[in-house]
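Listed below, chain by chain, are the residues.
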Amino acid sequence: MKAVEKIVTAAANILAVAGLTILLVLAAFTLCDGLLRALANYPLDFVREIGDLVAAICGACCLPIALLHRNNITLRLFEKFLPPSGARIIDAFADVLMAVVMIGMAWQFYLFSVKTMQANDVTWLMNVPKAPFWFIVDGVLWVAVAVQAFILTQTLTGKGIERSEESAL
């Protein structure tokens, strides 16, 4: 189980670093686009063309690590009233529900990617195909599904679960 945990953690970390690095590069190009637009009346068209597609990939890349560190909204009301085994059952139910949602999202993005590819959908100015971007988002979502399956396994086996608790105050 430790080997699987290392693989899952490494994959989530690598995706998060890659996504945030790409987002930083996109921000730099957006800054250059704004400066060139204002100072030289020479915009960088590709920034507007693929910026939203790249941002979608970056956002998806951060999802596996958020799932791994359990940074989702969690209600802990039942832990005060139920024994630890009851609270673990509720956690397992929540993890199953989250896995179902993630599988649904990944499946729908796959279908959307296929439809985008079949329609030969391209960006409006430079004719960059959109489907590869959506297939990348879909692949990252399937990694998130695997991470959530790992979290569910941890919950069911009662292994140490790290929670990222943040106060609402």
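Let me begin by describing the structure that accompanies this report. Nothing here was measured: the structure is a model prediction, and the numbers come from that model. (Residues numbered from 1 in each chain as written. Predicted model: local features only at pLDDT ≥ 70, side-chain atom pairs only at ≥ 80, totals over all residues. Heavy atoms only, no water.)

**So, the overall build of the protein**
Reasoning step 1: On a plain count of helices and strands, the protein comes out with five helices and zero strands.
Reasoning step 2: Order of helices (α) and strands (β) in the protein, N terminus to C terminus: α-α-α-α-α.
Reasoning step 3: Taking 2.2 N^0.38 as the reference for a compact globule, 169 residues should give roughly 15 Å; the C-alpha atoms of the protein span a radius of gyration of 20 Å, well beyond that estimate.
Reasoning step 4: Dimensions of the protein, computed from the C-alpha atoms along their principal axes, are close to 65 × 40 × 30 Å.
Reasoning step 5: Per-residue burial for the protein yields a buried fraction of 30% across its 169 residues.
Reasoning step 6: In the protein, of all internal contacts separated by at least 6 residues, the share reaching a separation of at least 24 is 75%.
Reasoning step 7: Carbon and sulfur atoms provide 71% of the accessible area of the protein, an area that totals close to 10,800 Å². (Helix = DSSP H or I, 4+ residues; strand = E, 2+ residues; numbered from the N terminus. Rg over C-alpha atoms; globule rule 2.2 N^0.38 Å. Buried < 20%, exposed > 50% of the residue type's maximum accessible area, 1.4 Å probe, protein only. Contact = heavy atoms within 4.5 Å. Areas by Shrake-Rupley, 256 points an atom, 1.4 Å probe, with all protein chains shown as cover.)

**A closer look at helix 2 (residues 45–61)**
Reasoning step 1: Along its 17 residues, helix 2 runs 25 Å from first to last C-alpha, staying within 8% of the 24 Å computed at 1.5 Å per residue.
Reasoning step 2: Of all the bends found along helix 2, the most pronounced is centred on Gly51 and spans about 50°.
Reasoning step 3: Within the span of helix 2, buried status applies to Val47, Glu49, Gly51, Leu53, Val54, Ile57, Cys58, Ala60 and Cys61.
Reasoning step 4: Tucked inside the fold, the buried residues of helix 2 contact helix 1 (2–40), helix 3 (63–68) and helix 5 (131–157). (Expected span 1.5 Å × (residues − 1). Bend = angle between axes of the 7 residues up to and from the residue.)

**Here we look at the side chain of Ser113**
Reasoning step 1: Looking at the secondary structure, you find Ser113 in helix 4 (residues 84–118).
Reasoning step 2: Residue class for Ser113 comes out buried when judged on its relative accessible area of 0%.
Reasoning step 3: With residues up to four places along the chain from it excluded, the contact list for Ser113 reads Ala131, Trp134, Phe135 and Asp138.

**Some details on the environment of Leu156**
Reasoning step 1: Relative to the helices and strands, Leu156 is located in helix 5.
Reasoning step 2: Apart from the residues within four sequence positions on either side, Leu156 is in contact with Arg88 and Ala92.

**Overview of the pattern of salt bridges**
Reasoning step 1: Taken as a whole and judged by the stated rule, the model has five salt bridges.
Reasoning step 2: Residue Glu5 is joined to Lys2 by a salt bridge in which the shortest nitrogen-to-oxygen separation is 3.9 Å. Of this pair, Glu5 and Lys2 both sit in helix 1, separated by three residues, roughly a single helical turn.
Reasoning step 3: The exposed category is assigned to Lys2, whose relative accessible area is 62%. (Salt bridge = Lys/Arg side-chain N within 4 Å of Asp/Glu carboxyl O.)

**Observations regarding unusual backbone geometry**
Reasoning step 1: Unusually for a residue other than glycine, Arg70 sits at a positive phi of about 55°.
Reasoning step 2: Inspection of the secondary structure assignment puts Arg70 in the loop between helix 3 and helix 4.
Reasoning step 3: Backbone geometry places Asn127, a non-glycine residue, at a positive phi of 55°.
Reasoning step 4: As for its placement among the helices and strands, Asn127 is situated in the loop between helix 4 and helix 5.

**Observations concerning the packing of aromatic side chains**
Each aromatic ring pair is characterised by the separation of its centres together with the angle its planes make.
Reasoning step 1: Overall, the coordinates contain five aromatic pairs when judged by the stated rule.
Reasoning step 2: Relative to Phe135, the ring of Tyr110 lies with its centre 6.4 Å away and its plane at 65°, an arrangement referred to as edge-to-face. Taken together, the residues span a long stretch of sequence, with Tyr110 in helix 4 and Phe135 in helix 5 at a distance of 25 residues.
Reasoning step 3: The class of Tyr110 is partly exposed, set by a relative accessible area of 34%.
Reasoning step 4: Taken together through their ring pairs, the aromatic side chains of Trp107, Tyr110 and Phe135 make up a single cluster. (Phe/Tyr/Trp six-rings, centres within 6.5 Å; stacked < 30°, edge-to-face > 60°.)

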